[in-house]
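What follows is the residue order along each chain.
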Amino acid sequence: MGATPDSVVTAQEDLDLEESFNTLIAQIKDYNPSTNHTLLRKAYLYARSAHVLQKRSSGEPFLTHPLNVALILTEFKVDDSTIVAALLHDVLEDTAILPENLSAIFGHEITSLVSSLTKLKRLNAVSKEVFQARNFRKVLLAMASDIRVLLIKLADRLHNMRTLRFLDPNDQHRIAIETTETYAPLAARMGVQTIREELEDLSFAFLNPKLHAYITRKLNHNAQHTLMLVTKIEDELTTKLKAFGINADVVGRKKQPYSIWLKMERKSISFEQLSDLIGFRILVHSVIDCYTVLGIVHTTWTSVPGRFKDYISTPKANDYSAIHTTIVGPLQQRVELQIRTFAMHHIAEHGIAAHYKYKDQPEDSLDSAAPIEHISRAYHWLRETVALIGEGQSVEEFVEHTKLALFQDHVFCFTPKGQLITLPAGSNSIDFAYAVHTDVGNSAVGTKINGRYSTMFAQLSNGDEVQILCSPRAKPPYEWVKYAKTARAKTAIKRVNFKSVV
Ligand code: MN
């Protein structure tokens with residue numbers, strides 16, 4: 001990040017930033033009228049001065065980035081701490097600010113969110129080997145013990161992808177691959193479909209620009225015809241459903257070039273052979289209505305055999321619920337239909353983050369109670385959360401219960417060169433040293449954790465960088481056996497001590 005004296009924010013840029021900040025506040029007030037304006041303003045000004053000398057590759061002031069990340073997050077109706085952490089998410093990395101400084105002003109909760117994000121970022125810099133070993137995804141999940149960290153990270157990546165065109169081609173390629181391999185699956189796992197789709201499509205545009213352009217061109221070419229068809233079907237559907245007394249939202253679904261490409265590849269067919277470029281969603285208020293709609297649709301049009309799937313009675317592994325069917329519509333065009341309740345739709349789009357909404361909109365709860373109970377089967381902790389919300393628990397307790405419990409039995413640490421060392425939870429520097437190499441363990445005399453001297457017995461945390469200090473004449477004291485967690489370390493310590501006695 002080149003901080004040159006001439007990269008100071010101009011008066012006009014400052015006005016633009018100020019306007020973005022006001023937009024941000026307005027969007028937050030939409031879903032959270034009691035937002036702490038003073039706190040947000042303080043965070044904004046803090047980030048402004050921290051990044052004042054930095055520019056994005058686009059030439060814009062760096063502050064546009066954290067502001068946009070915060071803006072993306074408003075879609076998920078996140079709390080003030082998450083917004084503040086988003087505004088501050090890059091200040092520890094590229095500036096001289098220390099966690100202590102942040103903590104003094106913004107407190108422990110926000111500082112811990114920002115620190116976790118900084119640790120995650122350090123991971124991006126580690127060796128390619130580590131990254132490709134698919135450990136990265138595990139590490140990512142393990143380190144992000146708070147669901148809000150993952151949400152901010154996804155929003156951060158989304159904004160970086162939206163502005164990827166300003167980077168040089170090599171970086172574009174690397175970041176796009178990282179996005180498809182790690183961040184899009186993470187978004188899918190969290191059930192955040194809106195972010196997943198955009199990440200996938202943006203990556204596709206950079207990794208396969210010709211194909212992306214080709215499919216986009218074809219889609220645009222078809223647009224006129226599609227629009228006509230969409231309007232026709234939409235009208236017919238709405239009228240039919242009304243006649244049966246069903247109140248439904250019928251919305252045409254725009255398909256992304258990436259998902260079309262996946263289909264072409266999977267079925268080895270050309271664009272022209274794709275039969276279902278048109279998709280609809282029918283959103284209703286209750287599960288019973290879903291099945292009534294299905295009945296109406298199937299008695300009105302011919303359904304295509306083999307295309308009917310009931311994910312309401314059998315949800316997908318990621319908790320996706322809906323009824324899918326394909327019909328032969330007017331003009332003999334195949335039309336893909338997804339039928340679901342508003343609650344299912346909200347969860348399909350926002351995933352884990354959907355729960356903020358349920359807290360804010362109790363009037364929705366009568367209709368949504370059953371689907372949530374049903375849908376959240378796969379996430380035990382998610383159901384607990386919903387129960388807590390039902391009991392009117394505080395936001396703090398809500399957040400406490402949304403912590404991810406994945407990979408809790410492992411701790412992921414790094415050597416100063418960025419090599420990943422995976423250890424059982426509760427391990428310390430003794431275990432770390434022996435995991436690196438038996439010789440390192442045998443000659444260890446001290447340790448530095450994240451650059452600070454520490455004892456060999458201190459428990460390691462996810463993301464710690466551990467530097468073992470060695471002396472060729474050292475010998476591990478026998479009492480280390482008591483402190484070592486791994487069998488590998490225990491065995492080696494016993495062997496060395498036994499040998500020297502003999
Ligand atoms: Mn960032």
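Just so it is clear, the structure is predicted and the values come from calculations on it, not from any experiment.

Student: Would you mind showing me how to read the sheet that holds strand β11 (residues 466-470) here?
Tutor: In a beta sheet, neighbouring strands pair by backbone hydrogen bonds and run either parallel or antiparallel. As summarised here, the arrangement of the three strands in space is β10-β9-β11, forming an open sheet in which the pairing is antiparallel. At either margin of the open sheet sits one strand with a lone partner, and together these are β10 (452-454) and β11. Each strand of the sheet is rotated relative to its neighbour by a mean of 35 degrees, with strand direction disregarded. Taken together, the five bridges between strand β9 (residues 444-449) and β11 define a ladder with antiparallel strand orientation. Bridging from a neighbouring strand, lysine 448 pairs with glutamine 467 of β11.

Student: Would you take a moment to explain the coordination of the manganese ion for this structure?
Tutor: Geometry reference: four tetrahedral donors at a metal, ideal angle 109.5 degrees. Six octahedral donors, ideal angles 90 or 180 degrees. Those protein atoms acting as donors to the manganese ion are His65 (NE2), His89 (NE2), Asp90 (OD) and Asp156 (OD), and they sit at 2.2 to 2.4 Å. Of note, the manganese ion draws all its donor residues from one chain, in the sequence arrangement H-x23-H-D-x65-D. Of this pair, aspartate 90 sits in the loop between α4 (80-88) and α5 (91-94) while aspartate 156 sits in helix α9 (residues 147-162), and the two are 66 residues apart along the sequence. When its relative accessible area of 6% is taken as the criterion, aspartate 156 is described as buried.

Student: Is there a simple way to think about the packing of aromatic side chains in this case?
Tutor: The tally for this structure, following the rule as stated, stands at five aromatic pairs. Residues phenylalanine 204 and tryptophan 261 carry aromatic rings whose centres are separated by 6.3 Å and whose planes lie at 10 degrees to one another, so their mutual orientation is stacked. A residue pair is termed long-range when its members are at least 10 positions apart, and phenylalanine 204 in helix α11 (residues 193-207) and tryptophan 261 in helix α13 (residues 257-267) qualify at 57 residues. For the residue pair phenylalanine 204 and tryptophan 261, the accessibility class agrees, reading buried in each case. Pairwise contacts between aromatic rings join Phe204, Tyr258 and Trp261 into one cluster. The residue whose ring lies beneath lysine 42 is phenylalanine 106, and the NZ or CZ to ring-centre distance is 5.9 Å.

Student: Which parts of the structure should I look at to understand the layout of surface pockets?
Tutor: Empty space left among the atoms is revealed by rolling a probe the size of a water molecule over them. Computed from the structure, the largest pocket encloses a volume of approximately 1100 Å³. Taken together, 36 residues make up the lining of the largest pocket; nearest its centre are Arg196, Arg253, Ser259, Glu336 and Gln338. Broken down by secondary-structure element, the contributors of at least two residues to the lining of the largest pocket are α11, α13, β5 (323-328), β6 (334-341) and α15 (342-350). Per element, the largest residue contribution to the lining of the largest pocket is seven residues, and it comes from α13. Its residues assigned to classes, the lining of the largest pocket shows nine nonpolar, nine polar and 18 charged.

Student: Would you explain the nonpolar core in this entry?
Tutor: Within soluble globular proteins, side chains that are nonpolar generally end up buried alongside one another. Of all hydrophobic cores here, the largest spans 57 residues; its most connected members are Ile83, Leu88, Leu102 and Phe106. For this core, the element with the highest residue contribution is α9, accounting for nine residues. In this structure, leucine 102 is in contact with Tyr46, Leu88, Val91, Leu92, Ile97, Gly107, Thr111 and Val114, ignoring residues within four places of it in sequence. Leu237, Ile278, Ile323 and Met344 belong to the second largest nonpolar core, which has 25 residues in total.

Student: Looking at this structure, how should I read a positive patch on the surface?
Tutor: A surface patch of positive charge is lined by Arg266, Lys267, Lys309 and Lys316. Residue placement: arginine 266 occurs in helix α13.

Student: Any chance you could explain the pattern of salt bridges here in plain terms?
Tutor: For side chains bearing opposite charge, pairing can occur when the charged atoms are close. Taken as a whole and assessed by the stated rule, the structure comprises 13 salt bridges. For arginine 307, the salt bridge is made with glutamate 336, and the minimal N-O distance between the two is 3.0 Å. Residue arginine 307 is found in the loop between β3 (302-303) and β4 (309-310), and its partner glutamate 336 is found in strand β6; the two are separated by 29 residues along the sequence. Neither residue differs from the other here; arginine 307 and glutamate 336 are each classed as buried.

Reading guide: rules and limits
Residues numbered from 1 in each chain as written. Predicted model: local features only at pLDDT ≥ 70, side-chain atom pairs only at ≥ 80, totals over all residues. Heavy atoms only, no water. Pairing = 2+ DSSP bridges. Helix = DSSP H or I, 4+ residues; strand = E, 2+ residues; numbered from the N terminus. Axes fitted to C-alpha atoms, helices over the stretch in contact; angles between N-to-C directions. Donors = N, O, S within 2.8 Å, 3.2 Å for Na, K, Ca; no water. Buried < 20%, exposed > 50% of the residue type's maximum accessible area, 1.4 Å probe, protein only. Phe/Tyr/Trp six-rings, centres within 6.5 Å; stacked < 30°, edge-to-face > 60°. Lys NZ or Arg CZ within 6 Å of the ring centre and 35° of its normal. 1 Å grid on protein atoms, 1.4 Å probe; cavity = no way out; pocket = protein on both sides within 12 Å on 5 of 7 lines; lining within 4 Å. Points joined across faces, edges and corners; volume = space filled by probe spheres on them. Nonpolar A, V, L, I, M, F, W, Y, C, P; charged D, E, K, R; others polar. Core = buried A, V, L, I, M, F, W, Y, C linked by side-chain atoms within 4.5 Å. Contact = heavy atoms within 4.5 Å. Patch = residues over 30% accessible without salt bridge, like charges linked within 9 Å, V, L, I, M, F, W, Y side chains within 5 Å. Areas by Shrake-Rupley, 256 points an atom, 1.4 Å probe, with all protein chains shown as cover. Salt bridge = Lys/Arg side-chain N within 4 Å of Asp/Glu carboxyl O. Lys, Arg positive; Asp, Glu negative; His and termini not counted. Charge placed at Lys NZ, Arg CZ, Asp CG, Glu CD.

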